[in-house]
Amino acid sequence: MMLGLAWIIGCYAAGVAIIHWLHWQWRRYGKPRTTHYVLQTYNNQLQVEWYLRSLYFFSWMKGKAISVTLADEGSTDDTLDIARRLSLEHQLSICTIAERDLEEWALKHADEQVVVVRLNQNEGLETAFKYM
């Protein structure tokens, strides 16, 4: 009976040691993969705050690192003002990018996981959360 108990405790201790060693290796060599979201907006004041808050909330819930770039195409409503207010809370880069400049930007960030979402199109909104 004592031999069986010692065997169980030894297996448990070995499992704990292996888990700690793997965690140490992961922290030392593994880099958390950041998903970069590019939100294309044009007069989307009704969607931009909800979408940004949802992105940051779900990334926090899942423990994933994200970065967000808001690419505005010349909005005339309060889209940029809302984004500037939210950039005080979260790390959010705001830029005004033309359509052709966005493709150049995507080529520069080809080594990252980049998700481009147009807030004017509903089908892109539903699938963007799958990459988290």
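Here the structure is shown first, and the text comes after it.
About the criteria used
Residues numbered from 1 in each chain as written. Predicted model: local features only at pLDDT ≥ 70, side-chain atom pairs only at ≥ 80, totals over all residues. Heavy atoms only, no water. Phe/Tyr/Trp six-rings, centres within 6.5 Å; stacked < 30°, edge-to-face > 60°. Buried < 20%, exposed > 50% of the residue type's maximum accessible area, 1.4 Å probe, protein only. Helix = DSSP H or I, 4+ residues; strand = E, 2+ residues; numbered from the N terminus. Right-handed = clockwise from strand over helix to strand, strands pointing away.

Caption draft 1: A look at the packing of aromatic side chains. In this structure the tally under the stated criterion is 3 aromatic pairs. Ring geometry for F57 versus F58: centroids 5.6 Å apart, planes at 65°, classification edge-to-face. What makes F58 partly exposed here is its relative accessible area of 38%. Look at F57 and W60: their rings are 6.2 Å apart centre to centre, the planes differ by 40°, and that puts the pair in the tilted class. Pair noted here: F57 and W60 are both in helix 2 (residues 45–62), with a separation of 3 residues, about one helical turn. Overall, F57 belongs to the partly exposed group, its relative accessible area being 42%. For W60, a relative accessible area of 64% puts it in the exposed group. One aromatic cluster in this structure is built from F57, F58 and W60.

Caption draft 2: Local environment of the pairing of strand 2 (residues 65–72). Of all 8 residues in strand 2, 6 are buried, a share of seventy percent or more. Since strand 1 (residues 34–41) and strand 2 lie parallel, the crossover through helix 2 that links them has a hand, and here it is right-handed.

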